[in-house]
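Listed below are the residues making up each chain.
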Amino acid sequence: DPCVFRYKKERALAQVKAARDAGADIVIFSLHYGAEYKTKPTKKEVQLMHDLCDGGVDIVFGHHAHVLRPVELYRAADGRLTAIAYGLGNFISNQSRHYIHGVWPKEKGNPRDGVIMRLAVERVDYGDGQQLTELADLSVMPLWTDNNASARKRDSKLPVVIKLVANRREIERLERQLADSALDEKQRQATK
């Protein structure tokens, strides 16, 4: 069952153990923690995540920094391969609506960036009667929160726009558009 509580290491690890004892194949831990706008986890935060994985967690989703942080594949003390997302950025928000690329300090990260983390979980039969559930196919889809707050400062008649852009899809669309325009140019050159 899902639960929400103020983080206490002993309580968290007891919950993880209880989930494992109840037969959970995979334990996912979502943690709202850390300092906002810091792109790197501190040594204390890294240790916290490693302790959770060593205590039985398979996947940790960290959030609160509002900027992207690293994703780590961590080999837990018992040999399991675990995944730690130290910070997934913003999914969709009006966070830092006045962000301006090139002006916002780089060390604060980009508050309009985010990712959707995708992974597969599969049960593997090793043929000796042992079946393990393991992580597989980890990937991320980059996201961008488009926001016209700065433009609305200049023209208050503009409608409010806050929308999520899936960067990979946008890049694919632009690549198709570029390929089509290159084709059109070749066709124009061929007809001259």
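Here the residue numbers are simple positions, counted from 1 along each chain's written sequence. Local features in a predicted model are, by the rule used here, given only for residues with pLDDT of at least 70; side-chain atom pairs are given and counted only at 80 or more, and totals for whole chains, interfaces and linings are based on all residues. Here the side-chain values reflect all heavy atoms present in the structure, with hydrogen atoms and water set aside.

Comments concerning the side chain of Arg 80
Then comes step 1: You can see Arg 80 is positioned in the loop between strand S3 (71–75) and strand S4 (81–85).
Then comes step 2: Only protein chains enter the area calculation, which uses a 1.4 Å probe; residues under 20% of their type maximum are buried, those over 50% are exposed, and those in between are partly exposed. Residue classification places Arg 80 among the buried residues on the basis of a relative accessible area of 19%.
Then comes step 3: At 2.5 Å, the side chain of Arg 80 forms a polar contact with the backbone oxygen of Cys 53.
Then comes step 4: Identification of polar contacts relies on pairs of N or O atoms within 3.5 Å, with a donor-acceptor requirement for protein atoms, meaning one able to donate a hydrogen and the other able to accept it, and with residues adjacent in sequence counted only if both atoms are side-chain atoms. Within the structure, Arg 80 has its side chain in polar contact with the side chain of Asp 58 (distance 2.9 Å). Here a helix means four or more residues in a row that DSSP labels H or I, a strand means two or more in a row labelled E, and each is numbered from the N terminus.

Topic: the nonpolar core
Then comes step 1: Membership of the largest hydrophobic core comes to 16 residues, with the highest contact counts inside it found for Phe 29, Leu 31, Met 49, Leu 52, Val 57, Val 60 and Ile 84.
Then comes step 2: Elements supplying a minimum of two residues to this core: helix H1 (9–21), strand S1 (28–32) and helix H2 (43–54).
Then comes step 3: Examining the composition of this core, we find that 4 residues originate from one element, H2, more than from any other.
Then comes step 4: Any two residues whose heavy atoms approach within 4.5 Å at even a single point are treated as in contact. Apart from residues lying up to four places away in sequence, Phe 29 is in contact with Phe 5, Tyr 7, Ala 12, Val 16, Leu 52, Val 57, Ile 59, Val 60 and Phe 61.
Then comes step 5: Ala 85, Leu 88, Val 115 and Met 117 belong to the second largest nonpolar core, which has 5 residues in total. For the purposes of this section, nonpolar cores are sets of buried Ala, Val, Leu, Ile, Met, Phe, Trp, Tyr and Cys residues that join through side-chain atoms within 4.5 Å.

Brief notes about the sheet that holds strand S5 (residues 113–125)
In a beta sheet, neighbouring strands are held together by backbone hydrogen bonds and run either parallel or antiparallel to one another.
Then comes step 1: We treat two strands as partners when DSSP finds at least two bridges between them. Strand order in the open sheet made by the 3 strands is S5-S6-S7, with antiparallel pairing throughout. On the outer flanks of this sheet lie S5 and strand S7 (162–166), each paired with one strand and no other. On average, each strand axis in the sheet is tilted by 30° relative to the strand beside it, whichever way the strands run.
Then comes step 2: Bridge analysis of strand S6 (residues 131–147) against S7 gives 5 bridges, and the strand direction is antiparallel. For Asp 146, the partnering residue across the bridge sits in S7 and is Lys 163. Comment: axis = line fitted to C-alpha atoms, over the contacting stretch for helices; angle = value between 0 and 180 degrees taken between N-to-C directions.

Looking at the sheet that holds S4
Then comes step 1: Reading across the sheet, the 4 strands line up as S1-S2-S4-S3 and stay open at both edges, with mixed pairing between neighbours. Lying at the two open borders of the sheet, with one neighbouring strand each, are S1 and S3. On average, each strand axis in the sheet is tilted by 15° relative to the strand beside it, whichever way the strands run.
Then comes step 2: Bridge count for S1 against strand S2 (residues 59–63) is 5 bridges, and the pairing is parallel. For His 32, the partnering residue across the bridge sits in S2 and is His 63.

Describing the environment of Asp 128
Then comes step 1: Along the chain, Asp 128 falls in the loop between S5 and S6.
Then comes step 2: At a separation of 3.1 Å, a polar atom in the side chain of Asp 128 contacts the main-chain amide nitrogen of Gln 130.

Concerning the pattern of salt bridges
When charged atoms on two side chains of opposite charge get close, those side chains can pair.
Then comes step 1: A pairing counts as a salt bridge when a side-chain nitrogen of Lys or Arg comes within 4 Å of a carboxyl oxygen of Asp or Glu. Taken as a whole and assessed by the stated rule, the structure comprises 7 salt bridges.
Then comes step 2: Taking the shortest distance from any N to any O, the salt bridge between Asp 21 and Lys 17 comes out at 2.7 Å. Linking Asp 21 with Lys 17, this pair stays in helix H1, spanning 4 residues, or about one helical turn.
Then comes step 3: For Asp 21, a relative accessible area of 58% corresponds to the exposed category.
Then comes step 4: By sharing partners, the salt bridges in this structure join Arg 20, Asp 58, Asp 78 and Arg 80 into a single network.

Some points on the confidence of the model for the protein
Then comes step 1: Confidence per residue, as judged by the predictor, is encoded in pLDDT with a range of 0 to 100. Per-residue confidence for the protein gives a mean pLDDT of 86; residues scoring 70 or more make up 93%.
Then comes step 2: Per-element averaging of pLDDT across the protein places helix H4 (residues 167–191) at the bottom with 76 and H2 at the top with 96.

Overview of the packing of aromatic side chains
To describe a pair of aromatic rings, you give the distance between the ring centres and the angle between the ring planes.
Then comes step 1: Planes of paired rings set the category: under 30 degrees apart is stacked, over 60 is edge-to-face and the rest tilted, where pairs are Phe, Tyr or Trp rings (Trp by its six-membered ring) whose centres lie within 6.5 Å. In this structure the tally under the stated criterion is 1 aromatic pair.
Then comes step 2: Arranged with centres 6.2 Å apart and planes meeting at 85°, the rings of Tyr 7 and Phe 29 form a pair that is edge-to-face. With a gap of 22 residues between them, Tyr 7 in the segment before H1 and Phe 29 in strand S1 connect regions that are remote in the sequence.
Then comes step 3: A relative accessible area of 11% places Phe 29 in the buried class.

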